[in-house]
Every structure is written in C-alpha cells, then in structure tokens.
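Overview (structure and organization)
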Amino acid sequence: MIALVSRFMRGRKKELLHYGSIVSVGVVLGGMLSSQAHAVVTVNLGKDQFFTLGVGVRAQYLSHDSTVPGNKHSASADDLRIYMGAQFHKYVKTTLNLERLRDGNWNVLDGILQVEPWKAFNIWGGRMLTPSDRSNLDGPYFLSTYAFPMVAQYPGAWSGRDDGIAIWGKLAKDHFRYVTGIYRGHNWVQGGSNYGEHPLFAGRMEYNFLDPEPSPAYYTASTYYGKADILAIGLAGQYQTDGVGSAEVKGTYKAWNVDGLFEKRIGKNAKYGVYTLEGAYYQYYTDGVKDIQAGYKQRTPSYGNVGGINAGTAFLASTAYLIPYKLGWGRVQPLVRYQEFRFKENLYGPGHPKTTQFDAGANYVMDAHNLRFTFDYVRYKAASARAQGAFLLGMQFQY
C-alpha cells in the first residue's frame, strides 16, 4: 500500500469523495484565506489572560490507492483540527486541540497544562508530542512534503502524542533546546507486553548553529521558507521495559535517531531563493521480539498506542528549493525525498527485507505552512512486494 496519508490515518478505511469537489473547495479557500491565514481568533480576558481559537484542514487526491477496491483513485479529507489555547496567569497556560476522526467522532489531539516560568525550564503535563524525531515534532502541517514519512515510527497514543509529563527549555540564546519526559507508554492492553506496568522514557536535545529555529517550545518544522538560516542537529531517544510483544513473549523497546536540517537564504533577503536539505537516521530495537499487531483489541490500528513496532534501521533524505519569483498568489518549491526502512535480519523474513519510498514534486506556497498545495509523484515499494506509483495532490490550510 502506498504510504501517503499522515501517520494518524494509516490503517483506516478510505472515504471516497469527489476529486473535483476537493480541488474546487481548495481553490476557493485559497482565495479567501491567502491574506489572513495567521488571523487566529484571540479574546483578551484581562492582564496576562486570553483565549485563542483556530482551525486546520488537510485534503488530498490520490491517483492510485490500493486500499480502495475496484476504483483505484480516491479523494479524502485527511483531518480537521480545532486549536484552542488559554492563558490564566503570566506563567500558566493550557492547550486543547481536537481532531475529527473518519468515523465522525472527535479525539483529543493535545490536552496540556503548561507551567512556563522561564525559557530554560518549563513543565508540561497531559497529552502532548513525545520527544522524538524532527518529523514527529513537525506534525503533518509543518513538513516540507505533504505525506508523513513512513520511516518515522516512534509509538504514540494518538498522532505521535502520549500522556505524561515533560520538562523542556531553551538555552544559549535559544540555540540549544532540550525536552525530556515520562509517558504512559506502549502496549498498555490486556494481552500486550506492558499491561499496567512500565512507563516510556523519552528525551531530545538539539543545537542550532546559525539562527535559532522560529518555532514554539520544543516543536520543529522541516522548512521555514526563508524566515531564518538554519543548521540544526538533533538527537532523540526512547526506552521502555516490556514495551513490545505479547504478555507471553515480551521485549524491551529502545529507539534513537539523529536528524539534521540545513536551510539557507541565497542572496540578500533570499533574492535568489531558499535552499533546504534534511536528513535523519533511525535505529529501532525490540529485543529480538515481534510486536503484536497494530491496534490489538482496539477499534482501529490508530487507537490505543498498541502494537505495530518494527525492529530495524531507517533513514530519509530530502532537498527542496523555494523559487524566489511569485507565480500568481504564491511561490513554487520543487522537492525530492527518499526513504528506506531495513528490517532486522531474519526477524521478518530471510535476510534484511526493506521498504522504500521516493517522492518528487513541488509545493505551491501561498502563506507558508498555513496555506499550501502539493503535487507529488510517489513510488513506494513494500518489502517482498511490487513497486507502486501514484500521483498525489494535497492541500492544507490553518487559520
């Protein structure tokens, strides 16, 4: 199956929509929102007190979708998000973000109590992004490409999130960022390896050698479209005793990765465009144990932070160039990305089975990550399967 939808949509049944409807809606929204995509609603409630409200939507058309019987093309609304935030005190904030599921229900994406007394030391509790790789901390809206990378496979209760407590901060004039936390963890299900026991420990540190990244907290992006010159190297790791396998055959889960982003404005004020280069290397360990299937005893594989972890080595490399000249309402950013996941030897078949994916296309950038269209050709080859190719047209906006 071609892995094109974002990570929280993997394994769900596709909903068929009309291709022309999605394109038409996207164009209309583009015209309406291009000048106000940053205009989140803010209500001031007093000194150091406010409430904010925003929304995010993504939709795609896929020319070949093996999950759709008979009709091999599909269109779908990937997700609808509602963003809410509030500040009650100079140092106390909350975040509540909701996401609408394909089955029509809503799920809590983020639910965080944030105590932020200093840049160098902040405490968050609730559901949040765990310390992990750049792609996971980007989320689907802040990648340089539309489709979430298939090599980024850190576990999460929902969309890379988990329930727990974290400490994070920025040092050295915001050039150094760190985050570390303790979370509920993987396979908390009857019959799973970790029913009611061990937490997940996770941490990440990152150093920016040029400008500090203009992203909040410990979050990241894979392109800033020339807003800053970036050379960032990050190192992340996770550990959980009995984090993989079944109740009968358990294994310790360990994973780590190193990732880097280089983005440079060419010429004064990016007169000659913006060049972007990103790379990441991953190691996933399962203690020689096969994990239970994704979503074991759950409604779908997306729920419950259960199963689906694979042992192996993976990497990705991508490059992009933001052309400095406007074409209509926006600018074009050609891009190329390659990914490879090599499974642990003899655990999932003889030798080292591997899955690869190659993307080549372009973004049409109207308002950075807040309003963007993507056209992409993808060639995906699963282990021991024939390669498949597809064209993708994606649209996202945030308001």
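Criteria and cut-off values
Residues numbered from 1 in each chain as written. Predicted model: local features only at pLDDT ≥ 70, side-chain atom pairs only at ≥ 80, totals over all residues. Heavy atoms only, no water. Helix = DSSP H or I, 4+ residues; strand = E, 2+ residues; numbered from the N terminus. Buried < 20%, exposed > 50% of the residue type's maximum accessible area, 1.4 Å probe, protein only. Areas by Shrake-Rupley, 256 points an atom, 1.4 Å probe, with all protein chains shown as cover. Polar contact = N/O pair within 3.5 Å; in protein donor to acceptor, adjacent residues only side chain to side chain. Contact = heavy atoms within 4.5 Å. Core = buried A, V, L, I, M, F, W, Y, C linked by side-chain atoms within 4.5 Å. 1 Å grid on protein atoms, 1.4 Å probe; cavity = no way out; pocket = protein on both sides within 12 Å on 5 of 7 lines; lining within 4 Å. Points joined across faces, edges and corners; volume = space filled by probe spheres on them. Phe/Tyr/Trp six-rings, centres within 6.5 Å; stacked < 30°, edge-to-face > 60°. Lys NZ or Arg CZ within 6 Å of the ring centre and 35° of its normal. Salt bridge = Lys/Arg side-chain N within 4 Å of Asp/Glu carboxyl O. Pairing = 2+ DSSP bridges. pLDDT = per-residue confidence, 0-100.

This part takes up the overall build of the chain. When you go through the chain residue by residue, the secondary structure sums to two helices and 18 strands. Per-residue burial for the chain yields a buried fraction of 51% across its 399 residues. Counting every atom, the chain has about 17300 Å² of accessible surface; 62% of that belongs to carbon and sulfur.

Along the polypeptide, Asp291 turns up in the loop between β12 (274-285) and β13 (312-322). Judged by its relative accessible area of 13%, Asp291 is buried. From its side chain, Asp291 meets the backbone nitrogen of Gly308 in a polar contact 3.2 Å long. With residues up to four places along the chain from it excluded, the contact list for Asp291 reads His186, Asn187, Val244, Gly245, Gly307, Gly308 and Ile309.

The backbone of Ser159 sits at a positive phi, close to 50 degrees, despite the residue not being glycine. Among the secondary structure elements, Ser159 is positioned in the loop between α2 (134-138) and β7 (161-171). Phi is positive for Ser384, which is not a glycine, with a value near 60 degrees. Within the secondary structure, Ser384 is located in the loop between β17 (371-381) and β18 (388-398). Exposure remark for Ser384: the relative accessible area of 79% places this residue in the exposed category.

Trp124, Met128, Val151, Tyr218, Tyr253, Tyr282 and Phe341 are the most contacted members of the largest nonpolar core, which has 31 residues in total. Phe341 has contacts with Met150, Val151, Gln153, Tyr284, Asn310, Ala311, Gly312, Thr313, Ala314, Pro353, Lys354 and Thr355, leaving out every residue within four places of it along the chain.

This paragraph deals with empty space enclosed by the protein. Throughout the structure, instances matching the rule amount to two cavities of 30 Å³ or more. Volume-wise, the largest cavity comes out at about 60 Å³. Lining of the largest cavity is provided by Ser135, Asp138, Leu143, Ser144, Thr145, Pro149, Ser222, Glu278, Leu316, Ser318 and Arg337. Mapped by element, the contributors of at least two residues to the lining of the largest cavity are α2 and β13.

All chains considered together, the criterion is met by 16 aromatic pairs. Between Tyr207 and Phe209, the aromatic rings sit 4.9 Å apart at their centres with planes inclined by 70 degrees, giving edge-to-face as the arrangement. Here Tyr207 falls in the partly exposed class, since its relative accessible area comes to 33%. When the ring of Phe375 is compared with that of Phe391, the centres are 5.8 Å apart and the planes differ by 20 degrees; the resulting orientation is stacked. Placement of Phe375 in strand β17 and of Phe391 in strand β18 is noted, with a sequence separation of 16 residues between them. One aromatic cluster in this structure is built from Tyr154, Tyr282, Tyr284, Phe341, Phe343 and Tyr348. Of note, Arg58 hangs over the ring of Tyr141, and the distance from its end group to the ring centre comes to 5.7 Å. Between the NZ or CZ atom of Arg58 and the centre of the ring of Tyr146, over which it lies, the distance is 3.9 Å.

What follows deals with the environment of Met205. Note on placement: Met205 falls in strand β9 (residues 200-208). Residue Met205 is classed as partly exposed on the basis of its relative accessible area of 41%. Residues Met205 and Val258, 53 residues apart in the sequence, show an inter-C-alpha distance of 9.9 Å. Setting aside residues up to four positions removed in sequence, Met205 forms contacts with Phe176, Arg177, Tyr178, Ile233, Gly234 and Leu235.

Quick look at the pattern of salt bridges now. Taken as a whole and assessed by the stated rule, the structure comprises 19 salt bridges. Among the salt bridges present, the one from Arg265 reaches Asp211, with a minimum N-O distance of 3.4 Å. In this pair, Arg265 is assigned in strand β11 (residues 250-265) and Asp211 in the loop between β9 and β10 (230-245), connecting sequence segments 54 residues apart. Residue classification places Asp211 among the partly exposed residues on the basis of a relative accessible area of 29%. Close ionic contact of Arg265 with Asp229 constitutes a salt bridge, the shortest N to O distance being 3.1 Å. On the criterion of sequence distance, the pair formed by Arg265 in strand β11 and Asp229 in the loop between β9 and β10 is long-range, its members being 36 residues apart.

Our focus in this paragraph is the pairing of β12. For β11 and β12, the ladder comprises twelve bridges, and the chain directions are antiparallel. Its bridge partner lying in β12, Phe262 is registered against Leu277. As paired elements, β12 and β13 share eleven bridges and run antiparallel to each other. Note on β13: the bridge partner recorded for Glu278 is Ser318.

Tracing the backbone through its elements, the reader meets Asn97 in strand β4 (residues 92-100). Its relative accessible area of 10% is what places Asn97 among the buried residues. On a C-alpha basis, the gap between Asn97 and Asp110 in space is 4.9 Å, while along the polypeptide they are 13 residues apart. When neighbours within four sequence positions are excluded, Asn97 is seen to be in contact with Ile82, Tyr83, Met84, Asn107, Val108, Leu109 and Asp110.

Okay, the confidence of the model for the chain next. Of the residues in the chain, 87% reach a pLDDT of 70 or more, and the chain-wide mean stands at 87. When the criterion is pLDDT under 50, residues 1-39 qualifies, and its contacts beyond four places in sequence or with other chains add up to 110 contacts.

Relative to the assigned elements, Leu335 resides in strand β15 (residues 330-343). Beyond its immediate chain neighbours, meaning those up to four positions away, Leu335 contacts Ser144, Thr145, Thr319, Ala320, Asp359, Ala360, Gly361, Ala362 and Asn363.

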